[in-house]
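Residue-level listing of the chains:
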Amino acid sequence: MQRILITGANRGIGLEFTRQYLERGDRIFAACRNPDAAAELHALADAYPDRLSIIQMEVTDDASIVAAADAVRRETKALDLLINNAGIISHGERIDNLSRETLMRLFDVNAVSPMIVTQHFINLVAKGRSPKIINITSGAGSLENKDEGTFYSYGASKSALNMFSKTLANELRSRRIVVVALHPGWVQTDMGGRGAHLKPERAIRSMIQLIDGLKKNDTGRYLQWDGRDLPW
Ligand SMILES: NC(=O)c1ccc[n+]([C@@H]2O[C@H](COP(=O)([O-])OP(=O)(O)OC[C@H]3O[C@@H](n4cnc5c(N)ncnc54)[C@H](OP(=O)(O)O)[C@@H]3O)[C@@H](O)[C@H]2O)c1
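Residues numbered from 1 in each chain as written. Predicted model: local features only at pLDDT ≥ 70, side-chain atom pairs only at ≥ 80, totals over all residues. Heavy atoms only, no water.

A. Inspection of the overall build of the protein at higher detail. Check the secondary structure of the protein and you find 6 helices and 7 strands. Secondary structure elements of the protein occur, N-terminal to C-terminal, as β-α-β-α-β-α-β-α-β-α-β-α-β. Computed over its C-alpha atoms, the radius of gyration of the protein comes to 17 Å, within 12% of the 17 Å expected for a compact globule of 232 residues. Referenced to the eigenvectors of the C-alpha coordinate spread, the extents of the protein come out at roughly 50 × 40 × 35 Å. In the protein, which comprises 232 residues, the proportion classed as buried is 51%. When contacts within the protein are restricted to residue pairs at least 6 apart in sequence, those whose partners lie at least 24 apart make up 70%. Carbon together with sulfur atoms contributes 50% to the accessible area of the protein, which is approximately 11,400 Å² in total. Measuring between centres, the 30 positive side-chain charges of the protein sit 6 Å from its 27 negative side-chain charges. (Helix = DSSP H or I, 4+ residues; strand = E, 2+ residues; numbered from the N terminus. Rg over C-alpha atoms; globule rule 2.2 N^0.38 Å. Buried < 20%, exposed > 50% of the residue type's maximum accessible area, 1.4 Å probe, protein only. Contact = heavy atoms within 4.5 Å. Areas by Shrake-Rupley, 256 points an atom, 1.4 Å probe, with all protein chains shown as cover. Lys, Arg positive; Asp, Glu negative; His and termini not counted. Charge placed at Lys NZ, Arg CZ, Asp CG, Glu CD.)

See below:
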């Protein structure tokens, strides 16, 4: 049984990670910013009352992260896996309508917040068994593959997250904590839309297998859902 914290766990990819890890017997701390509205998580908590804790966390709010870390610490001495999943996108960006506010907001949620969340949970992760930190990035963060589309804020924020992941991997190597930037594929969620290639069930099943198999020397990789490396 793994002890796992997932951010943005109330819908989409985070919810499906929560569901599948619960199904196979893991202990889940499902973080979301509005627990009262998290109907699917409450249904899962009814089904798995001993293994699911719903934790309030707004990832851009330090006080909320601190309170979440305290809440998790009251229930476990260690985390084996931290999945920084919460993220946002902005559509329709062009050079003539770019806004500082949107650019900063996406950097905050997608790149800065995973690092600050990690900072507050690192001591719990360091005590885990074969501990891992998974930053859910995007193929849109790849500079090499950037040959179409705009998505200024989203792409650049995920590139920043990739750099943060690699930097964190370097720092945490001596503590034997594996850090990977993982692209979930194009998945049918509110963000991915109905036309996306992958159903959450398949993408998450594949990522869980991939995460299970990660070894010490995988740290610092930029991978996608099916195990293939992505070019930075
Ligand atoms: N779907 C895809 O095709 C795709 C492709 C590549 C990468 N990704 C990445 O995968 C991750 C999950 O995406 P998704 O498709 O599941 O998106 P989604 O369906 O839009 O869900 C996003 C999740 O992030 C949470 N969130 C957003 N801002 C937050 C904040 N400030 N504090 C706490 N939680 C916050 C949302 O909570 P609320 O319900 O409270 O808003 C929600 O739980 C993201 O990092 C995304 O960039 C997705």
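Following the structure, the description resumes.
B. Focus on helix H4 (residues 100-126). With 27 residues, H4 ought to run about 39 Å at 1.5 Å a step, and its terminal C-alpha atoms sit 36 Å apart, in line with that. Remark: the principal bend of H4, roughly 50°, maps to His-120. Inspection of H4 places Leu-106, Val-109, Asn-110, Ala-111, Ser-113, Pro-114, Val-117, Thr-118, Phe-121, Ile-122, Leu-124 and Val-125 among the buried residues, and these make up the whole buried set. Looking at the buried positions of H4, the neighbouring elements they touch are strand S1 (3-6), helix H3 (62-75), strand S4 (81-84), strand S5 (132-136) and helix H5 (152-172). (Expected span 1.5 Å × (residues − 1). Bend = angle between axes of the 7 residues up to and from the residue.)

C. The arrangement of the packing of helix H1 (residues 12-23) against helix H6 (residues 200-212) in detail. Their axes nearest at 9 Å, the elements H1 and H6 cross at an angle of 60°. Classified by the interaxial angle, the pair formed by H1 and H6 is oblique. Pair H1 / H6 crosses with right-handed handedness. On H6, the residues touching Ile-13, Glu-16, Phe-17, Gln-20, Tyr-21 and Glu-23 of H1 are Pro-200, Glu-201, Ile-204, Arg-205, Met-207, Ile-208 and Ile-211. (Axes fitted to C-alpha atoms, helices over the stretch in contact; angles between N-to-C directions. Parallel < 35°, antiparallel > 145°, perpendicular 65-115°, else oblique. Left-handed = near helix turned anticlockwise from the far one by under 90°.)

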